[in-house]
Amino acid sequence: MQSVKLSFMPVAELTDAELISSFAGRDENALSQLYDRYTRAAHGLALGVLGHDSDAEEVVQDCFLKIWERPALYDPRRASFAAFFMTMVRNRALDTLRKRRFTTPLEDEQGSLLPIASERQGPLESAELRELGRTLSVALERLSEAHRETVTRAVYRGQSREKISLEMEVPIGTVKSRLKYALDKLKIHMKGGDWE
Amino acid sequence: MNDDTIKPNTPRENIQELLVLYVLGEVSSAERQEVDSALEQDPDLGLELEDLKKVLLGLHFSAGETEPLEGHKERFMTKVQRSASVPMPIPSSSRIPSVQRNSRSSARVRRSPLPWLPVGIGIAVAMGAMTLLRTEPAPSLVNVAPDAVVVVSSGDSLVFASNVKGQYPVMVRDKNGKMRPVEVGRMGKNYWFTEGVAEDGKVYLSCGANHMILVVDVAKATVTRIEKAPLSVAGLSIQNGKLWMKGAANGQLETLENKNVQTREIGKATKMPMSEFMDAVLPLENIVWVTHHASGELIALNAKSLEVEKRIALGGAPVALDRWNSQIIVADVSGRILWLNKSGKLERTLKLEGKPDKLAVQGDFAYLSDRSGKVFQVNLNTGTLERTVQFTHPMDITALPDGLLALADGPGGVVMLDGDLKVLKRIGGS
């Protein structure tokens, strides 16, 4: 019993990057832990984009499998795993949304994922991002309906400025200015400010 | 709180607006260069960029956490077990579309140069095609889409096929509108293209006259493989490299994956002319849905074993399938569109005055093409016919990534349409 406890506890405390580093040794326990940490947040994002549970599950599991097969895709020097993985899930979900019938590659022409901002590493950042998500969720509600819809279309639907312009029946310039305005406000809120 | 006031932007405001689109990945290459250049010159802009990236990441988490469907972890670990034989590490230089396809993609590279050539197809045919590929004709000399019958969207490109004699029945139109003919070699008979699907930069075109599937590399505008298809192939689908092919007359469903062929007889063979080579295959999770229009049935098979799990007598002649939210949409060439739930239970039917045989779902609308000249737009939420528009000889219709549609309009060429079926552009035609 003691040996079980001793072997379990250190694994539970491993960072995301440490868990991923053990993928090369095909450590399914590490994969299972990482899956448990992020599957609900990733499913929430994918479901928000796709609106369908089984599609969302497929996207999230595809992304986990991708990292399982190619752990070198994740570079902890460039981003936290939370940031990297959620970006990957959004891209994959948008890919599914745009070409629902077909599967398309996750990578760009160079075989690497889209660039992500350099962020601090560690489990804290994941917690920070979750908190930030809650903060921005509140801030989104404070935007006007037109601004919120523009952001939703751009971020969660991956729509181009042309498509947003067409569907919302406003000039492309207005789409761009609404996006900038809205993201500026969200940025202020993110930093603890108040835009009113 | 209004930013819609019309006033000219300063150059910096322009860059700041572009910066938002840059973070969203919605800039052209020229705009990307413009932003990159501005970022080099303006450190403050770099700080704004980092803030915007953080906002976007926060928005990813703002959707909140949701519990996946019951049994998700077990399903995931099963997938992991299945992928256990994939060799590690995989070279980072190879472009690998998805985990499920890693092993296939890398394995194919190591095979002999023509490992894909089915025994049933003459090597001379394929070699002839490959040799002729080197001499690409001037596109201006080629009549593009003289009789467009199949149109397929692949990334930013369109591929369309015409039932004509000659060397160039297949054309690729890239995102800039440049036309590139695809040399298909001599396939021995006239062409009768019935269906086309796309995956990972490849387009798969079924030819009912020659019982084969042409695999076109869209970026290179070349035929990279020719696969043997069942007789009277009509329904075609591809999922993670696995081809699903339904013969209309022979009643067979065939799959091809890694040179492994599985065949299942799901209906009686029926004599019919090539013009009636219509059917559809729709793989959804563990079930593959197949129409057998000769018997008026929609058949659900286990996607792995190909065992028939359910036969649904829809009547009429179901020939096309697509998915909308959690429902299956069926086009019946006898003049109906049907809504089924994911268990195959019929939930709604709408009669259409025509013979729709191809179907595309775009957003909340279904678009059905009828060879006699009509294209129908049906609101899938309300179950009502929104509009019917007359064209020349609609043979196929497909949804494009930007909410538009492409119609293969027979001698009318390929027609680009908006969601209200307004003609935006006509390409080719005879």
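Located above this text is the structure these notes cover.
How each quantity is defined
- Residues numbered from 1 in each chain as written.
- Chains lettered and ligands numbered in written order.
- Predicted model: local features only at pLDDT ≥ 70, side-chain atom pairs only at ≥ 80, totals over all residues.
- Heavy atoms only, no water.
- Pairing = 2+ DSSP bridges.
- Helix = DSSP H or I, 4+ residues; strand = E, 2+ residues; numbered from the N terminus.
- Axes fitted to C-alpha atoms, helices over the stretch in contact; angles between N-to-C directions.
- Contact = heavy atoms within 4.5 Å.
- Buried < 20%, exposed > 50% of the residue type's maximum accessible area, 1.4 Å probe, protein only.
- Left-handed = near helix turned anticlockwise from the far one by under 90°.
- Nonpolar A, V, L, I, M, F, W, Y, C, P; charged D, E, K, R; others polar.

Caption draft 1: View of the sheet that holds strand E17 (residues 318–324) of chain B. Residue and element names in this part refer to chain B. Judged by pairing direction, the sheet is antiparallel, and its four strands sit side by side in the order E17-E18-E19-E20 without closing on themselves. On the outer flanks of this sheet lie E17 and strand E20 (346–351), each paired with one strand and no other. Across this sheet, the average inter-strand angle for adjacent strands is 20°, counted without regard to direction.

Caption draft 2: Fine view of the environment of phenylalanine 76 of chain B. Examined against the element boundaries, phenylalanine 76 of chain B turns out to sit in helix H4 (residues 72–82). Apart from the residues lying within four places of it in its own chain, the contact partners of phenylalanine 76 of chain B are Leu31, Tyr35, Gln61, Phe64 and Leu65 of chain A.

Caption draft 3: Just unusual backbone geometry, in detail. The backbone of arginine 26 of chain A shows a phi angle near 60°, a positive value even though the residue is not glycine. Here arginine 26 of chain A is to be found in the loop between helix H2 (16–21) and helix H3 (28–50). The phi angle at asparagine 325 of chain B is positive, at roughly 50°, despite the residue not being glycine. Classification of asparagine 325 of chain B as partly exposed rests on a relative accessible area of 43%.

Caption draft 4: Representation of the packing of helix H1 (residues 11–23) of chain B against helix H3 (residues 43–62) of chain B within the structure. Residue and element names in this part refer to chain B. Contact geometry of H1 with H3 gives a least axis separation of 10 Å together with a crossing angle of 35°. The two elements H1 and H3 cross, and the hand of that crossing is right-handed. Of the residues in H3, those touching H1 at Arg12, Ile15, Gln16, Leu19, Val20, Tyr22 and Val23 are Asp44, Leu45, Glu48, Leu49, Leu52, Lys53 and Leu56. Looking at side-chain class alone, the contact of H1 with H3 contains nine nonpolar, one polar and four charged residues.

Caption draft 5: Spotlight on the pairing of strand E19 (residues 336–340) of chain B. Residue and element names in this part refer to chain B. Buried residues dominate E19, accounting for five of its five residues. With burial as the criterion, each face of E19 is covered, one bearing Arg336, Leu338 and Leu340 and the other bearing Ile337 and Trp339. Sheet analysis places strand E18 (residues 327–332) next to E19, joined by five bridges and oriented antiparallel. Across the sheet, isoleucine 329 pairs through a bridge with tryptophan 339, a residue of E19. Where E18 folds back onto E19 in an antiparallel hairpin, the turn is made up of three residues, including glycine 335, whose phi is positive at roughly 115°. Two successive antiparallel strands, E19 and E20, enclose a turn made up of five residues, where glycine 344 displays a positive phi of approximately 95°.

Keep in mind these numbers describe shape, not what the thing actually does.
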